[in-house]
Structure formats: structure tokens, C-alpha cells
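Notes for the structure review
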Protein chains: 2
Amino acid sequence: MGSVEVSREHLLVIFYQVFSPEVERVIREKFADSEVTLYQSKPGEPVPRELYRNATILVTFTDLPELEDSHNLKLIHTFSAGLDHLMSHPILKEGRIPIATSSGIHGPPIAEWTIMNWILAGRQHFQVYEAQKAHHWDEKTKYMQGNHDQAGKKVGILGYGSIGRQIGRVSQALGMSVYAYTASPRKTPESKKDTGYIVPGTGDPDGSVPVSWHHGTDKESIRSFLSLGLDHLVISLPLTPQTTKFLGAEEFGLLSDNSTSRFAKPYITNISRGKVLDQDALIDALNAGQLSGAALDVTDPEPLPEDHPLWDTPNVQISPHLSGLGREYLPRSLDILRLNLDRLAKGEPLINVYRGRGY
Amino acid sequence: MGSVEVSREHLLVIFYQVFSPEVERVIREKFADSEVTLYQSKPGEPVPRELYRNATILVTFTDLPELEDSHNLKLIHTFSAGLDHLMSHPILKEGRIPIATSSGIHGPPIAEWTIMNWILAGRQHFQVYEAQKAHHWDEKTKYMQGNHDQAGKKVGILGYGSIGRQIGRVSQALGMSVYAYTASPRKTPESKKDTGYIVPGTGDPDGSVPVSWHHGTDKESIRSFLSLGLDHLVISLPLTPQTTKFLGAEEFGLLSDNSTSRFAKPYITNISRGKVLDQDALIDALNAGQLSGAALDVTDPEPLPEDHPLWDTPNVQISPHLSGLGREYLPRSLDILRLNLDRLAKGEPLINVYRGRGY
């Protein structure tokens, strides 16, 4: 009887925290066909060169080898969605080794964070929470007269990538109409598709959720989008020089003035970066009641200083940049690597490969 | 030129609260073709008989006329979803006047309340809220290691009516698998349909969301359902003698023992009535860690006394029976009446007509 010779990969997994038993088990199970080395990196201490030299597959957040230590590497897999923090590295400049990102795994947690904030606001739910803490069966009238839900509302999603799509998918299920906004036009069915990794059972692979698509990088285009009568605006754009302070006083005013809802002024959700909007203008718009509230997972700066006025701005819900985090993060990222190792073995094209834009 | 003679209805709308300007405007706009009388009922004071006698259409929560004052009535519309509180009234016994309920309008708010509670629990979000109150940019590690989302999870929905269907619809969008449980079998496509009123853009009209359907009123059937490896169990059953304490220690144990998730033990959501479960057994199961948490919009008794242990049972989220409430409640209920008045004028069959089961 003969035996089949399978090329056995050597995975080097570098992580900045201790590997929990759960994560270690997931890695060993998923890559039982490979040799696996787990390495916890320490700040300021370089990863030993021989670890890089022995590896055929590198799995990392930020650590990369010198070019001369990368000869055996066939694939680099990053735990992050973007590569902006690595763009200047010689390995990326050289371009020999394909680099796959974890783009696509953030949709479920960030969409849940988004929807949760909408509902918390619409249902005045922190009052319910405080009443429970006080063992108080609260009076219902204010909820009957003040609560509102999402069915029938319009949401505009600035940046219709994997995260925007999962928000769109859930919004549609809630009975909302979804309006997509992208930098470049998406006129053809092909251009509306999501070609990256998608967590099974989520997202909008064909781009069939939006009732209409809008696009442009100029002020005119975004202003016409903000005049659609939106109840929600979700900011899911990458931060670039073009998107820095993309939204300011004038845009918040437009959004507010064009609101048609009888229930509430528009609500802003920012899951992108603090600097995509003019934060002082946002605080003003909230204080003035032009907007009914804002859910902010990102601020400018981060961490937000204790004495910053944003903390107590009316109807602001702030999280410390955690909307994408959770126990599924690493396993889902490794699902992408598993797919790519199988594709590598079969000589098929890899997914989620970096194409040179930094995100 | 001739003129068309249209029969002009006389609507009597009885409400136990003051009519807000918003509600009054909605009513007058929606029924501009009818004469409308608004009457705020006071506890212990009967509604004047002449109001009933003049009305052709009665819109009410609980007030009903004596039989002898009902001769002009062609239709009674109730703001409530069920009629259990009215079953013994002579008008219902006589059965001459069709009675339409507001069943179907509760899906959006109750589904949002449900999903919100799941996400609050999965994201440890009250800690984030408390950190914001303290102006504290919280440490992220505990969220990375402790948070989990719904994608890939299994939800069992006990009672797949309009509310269960909207929960199913949103669950599916979140990436979950939905298992439906009904009292009677739903083997044919026809029997899986929702034939009542549905808020536009919501629900599961064809019953196409569940991956499987289960049924039965006996202990054996429910226990086999609870053994499916569910992450969530939603109780959306009507309270009847058969469903009183339908779930107890043994059922919670089964649910827990069959859980396959590596993230958390099963989570219970009760949006039905407090008495459908054995509340003491639920407290025990939560204290013992058999269940990871419970969202309870209903308790036994209501209001829950200040010194009741349920308030502080670990991972319990309690609301004072408000999950269905909000500003859309009355307008949506009146949408059903509008549909029925149009059908009445055209001689078409009415929707949402009471068929004699009390819910």
C-alpha cells in the first residue's frame, strides 16, 4: 500500500495576548494537518528570527519579519481587517508574499452593536435598566407615548462593505428601507456584489438589500444623499484624507431639515473612526436637538478624556471602540485562513488578498 | 352632474387615556371619510348609551355596550391583540357583530425588545453604559474575551404567531437558525402561512424562515424540542390552562444539558405571561448556571414586589410588561381598522376577525 505525500505547512501564529485554552484548541483543531507554533509577542521585543525562517504560513496582527527571514513564507494572514498599519513595511512593498486580511468577520458583532444602540434609544431602555436596579416596576405610560421602533424607517449606510451590508440585512428584517452609499458607482449587478469573505448566513452577498444605491466623493453627492429623508445615518467609511471630517455642521443640518419622521429626528451611528466627522459640530447638533441621538463606538481622541463634553452630550451612547470584539473574532479570522490553506493546496485563487489600498 | 352616495360611517373611539394631539390627528386623517367621536373613558363611569347607539363602528380596548345599545354597530375593532378579557360579554356570546382584533401589530416592537436583550447580554453592555456614566474609557480585553454574538446560533420559538415570526425573521438576518414550535402540526405550505394582519415589511408571511417545524401539546413533544441544542428559547405562547407552568425545572435542565455552544448556556426570553413557566425553578436554574440568562417582560405576579428575589437573580433582565408598547401602537391598530372599513365598503371578507378562542 502506498501513502500520499501531503505538503505539511508550518504555521507561526503571533498574538499580543496570552493564548486562551479556547483559542489554542480552536487553532489546533482547525489546523490539525499542519505544524503549529504559537508565540506571544511582547512589546519592544522582536520575534525570534528562526521562528519566521521556519514558517511557511504566518498569522499575525502587526509583527512581520525582515525580508531576509521571509523566504519560506507562502502566505501571510492578518487578524486585522485592514493593513494601513503595515503599508510601509518592505514585505508589502516587495509584494511577493500574498497577504490575506480578516476583512468580512466584523459584520455580525458590529451590526448587533448598531441595532442594539438604536433599540436602546428608541425604547428609553436605560430607564428600564435603572428601574430594575431600584427594584421598581416602572410606570408604562411614558414608554407607550415615547417609545418607537424601526419598522418603516429609512436608514442610509455610508460605506456599503461587509459591515454596512450586515447592518443593511438586519435593518431590512426590522422592516426598514436601506439606502446604500459608496465612493464609486455600482451600476451593474456584478459591481454590487461582495467578493470578500462573508460569515455564513449573514451579509448581503448580491447587494440586493438596498432600495437604492448612491455614490460620489464630492460634497454635492453626499448632500443629496443626506436629503433623502433618512431616520438613521450609519457611518461605515474607511478613514482617508478624503473622508476626514466628511460630515460637519452643514451635513447634520441637511439631515435634520429633511427628516420626515413624526417620531424622532435623525439618529447617527459611527462605527468608522472618530475623525470622519466634525465632533464639535456633532455635539452642537445634539445639543440643539437637530439630531435625536448618536451611537459612537469611535471618538476623537481615543481614549476619550474624562472631562470631555461628549460623555454627557444628550442622547449620546459611547463605547470604547469595541463593537467588533468578541470570542468569535479569532475563530472567524482563522476560518478565512482555513479556506485559503485549502485553496493553496488545490492551486485555487486565494480570498481576501490585499490589493493595495490599505483597507 | 350626479353625486355618488357613500355610506358615511360613525366611528366611536373609546380610549382610557387622554387622546394626544398626535393620536387625534392620526385618527382624523385616517378616517376623514367618517364622522368620528373620541371619548376618554373614566374608571367606574359607564360610557354614555347614546354614544354607543349612534355609532356604526366601535373602536375600544375593553368597553362594550349592552346588547340593546348595539343595534347600529356593524363592526367592533379592539386595540388589544386578544379578547380573553371580553369573552363572557353578551356581545361576544351573541356573535352578530364581527369583532376584529389588533393581533399582528406587536411583532416589530416585541422582536426589537427581544433582540436588544440578547445583544445587551451577549455584549456585557450594561458595563459599557456604567463606564460611560463614570466618564471611563473601559478596558477592552474583557469584551474581546467575553462578548459573543448571535451568528451561527440556534433559536427555538415556542408559539410561531405574528410575534414569533418577526423574531424569527430578525434572527435569520442575524445569521441564526430558527426552529418553530406550534401546538398543532403545520405540515402543508398553506398551514404554515400567517393569515392575520402583518406590519408591512416584517414577519414571515409564508413560514419560510424556520429550518424545521415542531409541534405538540404533550410533555414528550416539548422535551424533544428542548433537546435540539438551542442557544435561545423564546416563549411566545398564549397563556391557557395547558400552557400554565409549561416549562419547569426538568425542561430547563434538558435545555441546559443539550446545549452545544462553546460560548454560553441557553438564554430564555419570555414575552408571553409570567405563569407559562415555573418562576421559582427559573430562578434556581439561573442561580445554578444552567441558563446563561433570561429576558423577562412578564413576571408572576405583576407588578413584581420590591423584595422579590427575581430582581437580583444573576443575568436576569426585567421589563415591566412593556415590550409591545410605543407610539406606533395606536396608528398600526388603526391601519387594521382602515383596511376593514375599505373591505366593508366593498363587501369583502374582513381580516383579523375573532374566531372564538380568546386570543
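Because the structure is a prediction, the values reported are computed rather than measured.

1. Focus on the overall build of chain A
- Along the backbone of chain A there are 11 helices and 12 strands.
- Along the first, second and third principal axes, the C-alpha set of chain A runs to 75 × 50 × 45 Å.
- Taking all 359 residues of chain A together, the buried fraction comes to 57%.
- For chain A, the accessible surface area stands at approximately 15,200 Å², while carbon and sulfur atoms represent 51% of it.

2. Details of the packing of helix α7 (residues 162-173) of chain A against helix α7 (residues 162-173) of chain B
- Contact geometry of α7 of chain A with α7 of chain B gives a least axis separation of 8 Å together with a crossing angle of 170 degrees. Viewed along their axes, α7 of chain A and α7 of chain B adopt a mutual orientation that is roughly antiparallel. Of the residues in α7 of chain B, those touching α7 of chain A at Q166, R169, V170, Q172 and A173 of chain A are Q166, R169, V170, Q172 and A173 of chain B.
- Classifying every residue of the contact of α7 of chain A with α7 of chain B gives four nonpolar, four polar and two charged.

3. Here we look at the relation of the copies chain B and chain A
- Each copy of the sequence occupies a distinct position, and chain B is placed on chain A by a rotation of 180 degrees and an axial shift of 0.0 Å, giving an RMSD of 0.0 Å. When the rotation and shift are considered jointly, the pair of chain copies conforms to a two-fold rotation axis. Among all residues of chain B, the one whose C-alpha sits closest to the rotation axis is M116 of chain B, at a distance of 2.6 Å.
- Mapped onto chain A, 100% of the interface residues of chain B again fall at the interface, so both copies present the same surface.

4. A word on the UniProt feature "domain: D-isomer specific 2-hydroxyacid dehydrogenase NAD-binding" (unreviewed entry) in chain A
All names here are of chain A.
- With numbering aligned to this structure, UniProt lists the feature "domain: D-isomer specific 2-hydroxyacid dehydrogenase NAD-binding" (unreviewed entry) at residues 120-190 and 231-323.
- Across residues 120-190 one finds 42% helix and 15% strand; the C-alpha atoms that close the span lie 37 Å apart.
- Within residues 231-323, the helical portion is 19% and the strand portion 16%, while the C-alpha atoms at the span's ends are 21 Å from each other.

5. Observations concerning the confidence of the model for chain A
Residues and elements named next belong to chain A.
- Looking at chain A, the pLDDT average stands at 94 and 97% of residues meet or exceed 70.
- The low-confidence segment residues 1-5, where pLDDT is below 50, has zero contacts with residues more than four positions distant or belonging to other chains.
- Across the whole predicted complex the pTM is 0.96, and at the interface the ipTM reaches 0.95.

6. Some thoughts on the packing of aromatic side chains
- Under the defined criterion, the tally for this structure stands at 23 aromatic pairs over all chains.
- On the numbers, 5.3 Å between centres and 45 degrees between planes, the contact of F61 of chain B with F79 of chain B is tilted. Taken together, the residues span a long stretch of sequence, with F61 of chain B in the loop between β3 (57-60) and β4 (75-78) and F79 of chain B in the loop between β4 and α3 (90-94) at a distance of 18 residues. In this structure, F61 of chain B and F79 of chain B share a single accessibility class: buried.
- An angle of 55 degrees between the planes, with centres 4.9 Å apart, marks the rings of Y181 of chain B and F225 of chain B as tilted. Within this pair, whereas Y181 of chain B is found in strand β7 (residues 177-182), its partner F225 of chain B is found in helix α8 (residues 219-225), the two being separated by 44 residues in sequence.
- Take F225 of chain B: its relative accessible area is 0%, and that puts it in the buried class.
- Members of the aromatic cluster, connected to one another through ring pairs, are F15, Y16, F19, F61, F79 and Y329 of chain A.

7. Some words on the pattern of salt bridges
- With the rule as written, the count across this model stands at 38 salt bridges over all chains.
- Between R49 of chain B and D69 of chain B there is a salt bridge, and its shortest N-O distance comes to 3.0 Å. Separated by 20 residues along the polypeptide, R49 of chain B in helix α2 (residues 49-54) and D69 of chain B in the loop between β3 and β4 bring together distant segments of the chain.
- A single salt-bridge network, built from bridges that share partners, covers R49, R53, E68 and D69 of chain A.

8. Observations concerning the interface of chain B and chain A
- Every contact between the two is made by 71 residues of chain B and, on the other side, 71 residues of chain A.
- Roughly 6,800 Å² of surface becomes buried between chain B and chain A when both sides are summed, with 59% attributable to carbon and sulfur atoms.
- Where chain B packs against chain A, one counts four salt bridges.
- With a shortest N-O distance of 2.6 Å, E130 of chain B and K133 of chain A are connected by a salt bridge.
- In this assembly, chain B and chain A are joined by 40 residue pairs in polar contact (both at pLDDT 80 or more).
- Secondary structure elements with two or more residues in the side of chain B that touches chain A: α1 (21-30), α4 (107-122), α5 (125-133), α6 (141-146), α7, β12 (316-318) and α11 (329-346) of chain B.
- The dominant element in the side of chain B that touches chain A, judged by the number of residues it contributes, is α4 of chain B, at eight residues.
- Along the lines of polarity and charge, the residues of the side of chain B that touches chain A split into 30 nonpolar, 24 polar and 17 charged.

9. Some details on the sheet that holds strand β1 (residues 10-15) of chain A
Residue and element names in this part refer to chain A.
- Spatially, five strands are ordered β2-β1-β3-β4-β5 in an open sheet, and the strand pairing comes out parallel. The open sheet has two edge strands, β2 (35-40) and β5 (99-100), and neither has a second partner.
- Direction of pairing for β1 relative to strand β3 (residues 57-60): parallel, over a ladder of three bridges. Across the sheet, V13 pairs through a bridge with V59, a residue of β3.
- Sitting on the sheet, helix α1 (residues 21-30) touches β1 and β2, and the angle it makes with β2 is about 155 degrees.
- Along the sheet, helix α11 (residues 329-346) contacts β1, β3, β4 (75-78) and β5; its crossing angle with β4, the most-contacted strand, is approximately 160 degrees.

10. Some thoughts on the environment of K245 of chain B
- Residue position: K245 of chain B is located in the loop between β9 (232-235) and α9 (249-257).
- Taking the C-alpha atoms as reference points, K245 of chain B and L277 of chain B, 32 residues apart in sequence, are found 4.2 Å from one another.

11. With respect to α9 of chain B
- Among the residues of α9 of chain B, those classed as buried are E251, F252, G253, L255 and S256 of chain B.
- If you follow the buried residues of α9 of chain B, they end up packed against α8, β9, β10 (267-270) and α10 (279-287) of chain B.

12. Details of the environment of S80 of chain B
- Relative to the helices and strands, S80 of chain B resides in the loop between β4 and α3.
- Excluding its chain neighbours within four sequence positions, the residues that come into contact with S80 of chain B are F61, H85, T101, S102, S103 and Y329 of chain B.

13. A look at the pairing of strand β2 (residues 35-40) of chain B
Residues and elements named next belong to chain B.
- For strand β1 (residues 10-15) and β2, the ladder comprises six bridges, and the chain directions are parallel. Across the sheet, residue H10 finds its bridge partner in β2, namely E35.
- For the handedness criterion, the β-α-β arrangement of β1, α1 and β2 is classed as right-handed.

14. Some thoughts on the sheet that holds β2 of chain B
All names here are of chain B.
- Pairing is parallel in the open sheet, where five strands are placed in the order β2-β1-β3-β4-β5. Taken across any chain shown, the strands that pair with only one partner, and hence form the sheet edges, are β2 and β5 (99-100).
- Most of the contacts of α1 go to β2, to which it runs at about 155 degrees, and overall it touches β1 and β2.
- α11 rests against β1, β3, β4 and β5 of the sheet, and its axis sits at about 160 degrees to β4.

15. Considerations on the side chain of S323 of chain A
All names here are of chain A.
- Of note, S323 is situated in the loop between β12 (316-318) and α11.
- By relative accessible area, which is 3% here, S323 ends up buried.
- Here the side chain of S323 touches D297 through a polar contact of 2.7 Å, side chain to side chain.

The rules behind each value
- Residues numbered from 1 in each chain as written.
- Chains lettered and ligands numbered in written order.
- Predicted model: local features only at pLDDT ≥ 70, side-chain atom pairs only at ≥ 80, totals over all residues.
- Heavy atoms only, no water.
- Helix = DSSP H or I, 4+ residues; strand = E, 2+ residues; numbered from the N terminus.
- Buried < 20%, exposed > 50% of the residue type's maximum accessible area, 1.4 Å probe, protein only.
- Areas by Shrake-Rupley, 256 points an atom, 1.4 Å probe, with all protein chains shown as cover.
- Axes fitted to C-alpha atoms, helices over the stretch in contact; angles between N-to-C directions.
- Parallel < 35°, antiparallel > 145°, perpendicular 65-115°, else oblique.
- Contact = heavy atoms within 4.5 Å.
- Nonpolar A, V, L, I, M, F, W, Y, C, P; charged D, E, K, R; others polar.
- Least-squares fit on C-alpha atoms with pLDDT ≥ 70 in both.
- UniProt positions renumbered as here; feature names shortened; annotations may be inferred.
- pLDDT = per-residue confidence, 0-100.
- Phe/Tyr/Trp six-rings, centres within 6.5 Å; stacked < 30°, edge-to-face > 60°.
- Salt bridge = Lys/Arg side-chain N within 4 Å of Asp/Glu carboxyl O.
- Buried area = accessible area lost by both parts, 1.4 Å probe.
- Polar contact = N/O pair within 3.5 Å; in protein donor to acceptor, adjacent residues only side chain to side chain.
- Pairing = 2+ DSSP bridges.
- Right-handed = clockwise from strand over helix to strand, strands pointing away.

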